[in-house]
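If you want the building blocks of each chain, they are given just below.
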Amino acid sequence: MVVLFLSFVGILMMSSSSSSVSNAQYMRVKESNGNVSAMFIMGDSSVDCGHNNPFYPFLHRNLSLVPCNGSDSTLLPYLLAQKMGLLSTSLFFGQNGSVEGIKRGLNYGSAHSTIMKSDSQSHQSLNQQLREVFETLQLLQLQLSEETANHFIRSSMFYLSFGKDDYIDHFLGNSSGIMLKYTGKQFARILVNQMVYAIRSLFDANVRKIICMGILPLGCTPRSVSEWRNVTAVHGSRCVREVNNLVLQYNVMLHEHIIELNSEYPDAQIVFCDVYRGIMKIVAKPLHFGFRDAESACCGLGLHNAIVGCLSTELGCSEPSRYVWWDFYNPSERVNSMLADAAWSGHMLSGICHPMPVQDLVYTLL
């Protein structure tokens, strides 16, 4: 209810303040290097440090209140936006409500978001963020000419990163007995089907450039390593194979569907980025990549710093760049930077994005 109220307020603000924006003013906006006008971001703590939900500190149940080191600018989509030469993306609930603000791109993500709808107020859902996106696109259609709005939407990048919290809270946490209702494959299929529906809905709204992220290896995260008994060695580190196998089912299924969607929509480009594969390369040989610790969180307390989460950056380690993980389930800034390089051009952690690196997607004319 609170989120819907804030969303409604945002719509009123945008409608009242954007009527004076002309098409000529829109055309003067500085476009990125390449063929991307702006980035619109959807997702969970992989795209938001908790700033996009004013009630996040009061609602978050995992007791890790600072899911990144510093600011959203250390997260993967923002690092990619920098490589695209884009202006800073505004938070959906922190924007000034103008069309000029929309043209800079928006982040609809929230640090505790799931694909499946949750009864808990601590979660946002994929569908809720989709509604916010469609509200934004409708406002563009109202305030700009149809041709100008369609060109802007078609030339913008949409970034989706979901699924982590579905496994953490709904499946592994067994909320509402979901683990008893579905096998791992059935649960993955439910999540993937909803992601495919979201991609189709974006295409119907004239979106043509989409980056869809897989789920990272949750079985190698500090919280999993500290909680699960059946931990197995993965070369330089330890991981929970059972948890990783669940995530792999989702990633493989989503990738297969994206291949089909690219065939079905030849005038669109949808890229799947396998962050699981990238992080597993690091976890297997942490010393090779300059990391000292691939099991413990940089910020937290207890075994592997994963019993009590990151309540403040003051709990952070003195050398975050030497750690693979920042907190319970989120990678460090340095890992995000390496993933951004790999997603952009294939540097160091090659071949994580298919059918092309993000750099090629940016410069593809549609």
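Anything mentioned here points back to the structure above.
Let us look at the structure shown here. (Residues numbered from 1 in each chain as written. Predicted model: local features only at pLDDT ≥ 70, side-chain atom pairs only at ≥ 80, totals over all residues. Heavy atoms only, no water.)

## Side note on the packing of aromatic side chains
Working step 1: Under the counting rule described, the total for this entry stands at 11 aromatic pairs.
Working step 2: Pairing F203 with Y265 gives two aromatic rings, centres 3.8 Å apart and planes at 10°, and the pair type is stacked. Placement of F203 in helix α10 (residues 184-204) and of Y265 in the loop between α12 (241-264) and β10 (269-273) is noted, with a sequence separation of 62 residues between them.
Working step 3: Look at F328 and Y329: their rings are 6.2 Å apart centre to centre, the planes differ by 75°, and that puts the pair in the edge-to-face class. Y329 carries the same exposure label as F328, and that label is buried.
Working step 4: By way of ring pairs, the aromatic residues F40, F92, F93, Y108, F152 and F158 are connected into one cluster.
Working step 5: Seen from the ring of F203, R208 lies directly overhead, with NZ or CZ sitting 3.7 Å from the centre.
Working step 6: In this structure, R223 packs its charged tip against the face of F328, placed 4.3 Å from the ring centre. (Phe/Tyr/Trp six-rings, centres within 6.5 Å; stacked < 30°, edge-to-face > 60°. Helix = DSSP H or I, 4+ residues; strand = E, 2+ residues; numbered from the N terminus. Buried < 20%, exposed > 50% of the residue type's maximum accessible area, 1.4 Å probe, protein only. Lys NZ or Arg CZ within 6 Å of the ring centre and 35° of its normal.)

## Things to note about the state of the cysteines
Working step 1: Following the criterion strictly, the structure yields 5 disulfides and no others.
Working step 2: Each disulfide pairs two cysteine sulfurs, and for C273 the partner residue is C353, the sulfurs being separated by 2.1 Å. On the S-S bond that ties C273 to C353, the torsion sits near 105°, and the link is right-handed. Placement of the pair is C273 in strand β10 and C353 in strand β13 (residues 353-354), with a sequence separation of 80 residues. With respect to burial, C273 and C353 carry one shared label: buried.
Working step 3: A disulfide bridge connects C298 with C317, and the sulfur atoms are separated by 2.1 Å. Here the S-S torsion is close to -105°, and the disulfide linking C298 with C317 is therefore left-handed. Here C298 is found in the loop between β11 (293-297) and β12 (323-325), whereas its partner C317 is found in the loop between β11 and β12, with 19 residues between them in sequence. C317 matches C298 in its accessibility class, with the two residues each being buried.
Working step 4: Should the bonded cysteines of the protein chain be numbered as they appear in the sequence, the pairing reads 1-2, 3-4, 5-10, 6-9, 7-8.
Working step 5: Left without a disulfide partner, C212 is nearest to the cysteine sulfur of C273, which lies 9.0 Å away. (Disulfide = S-S within 2.5 Å.)

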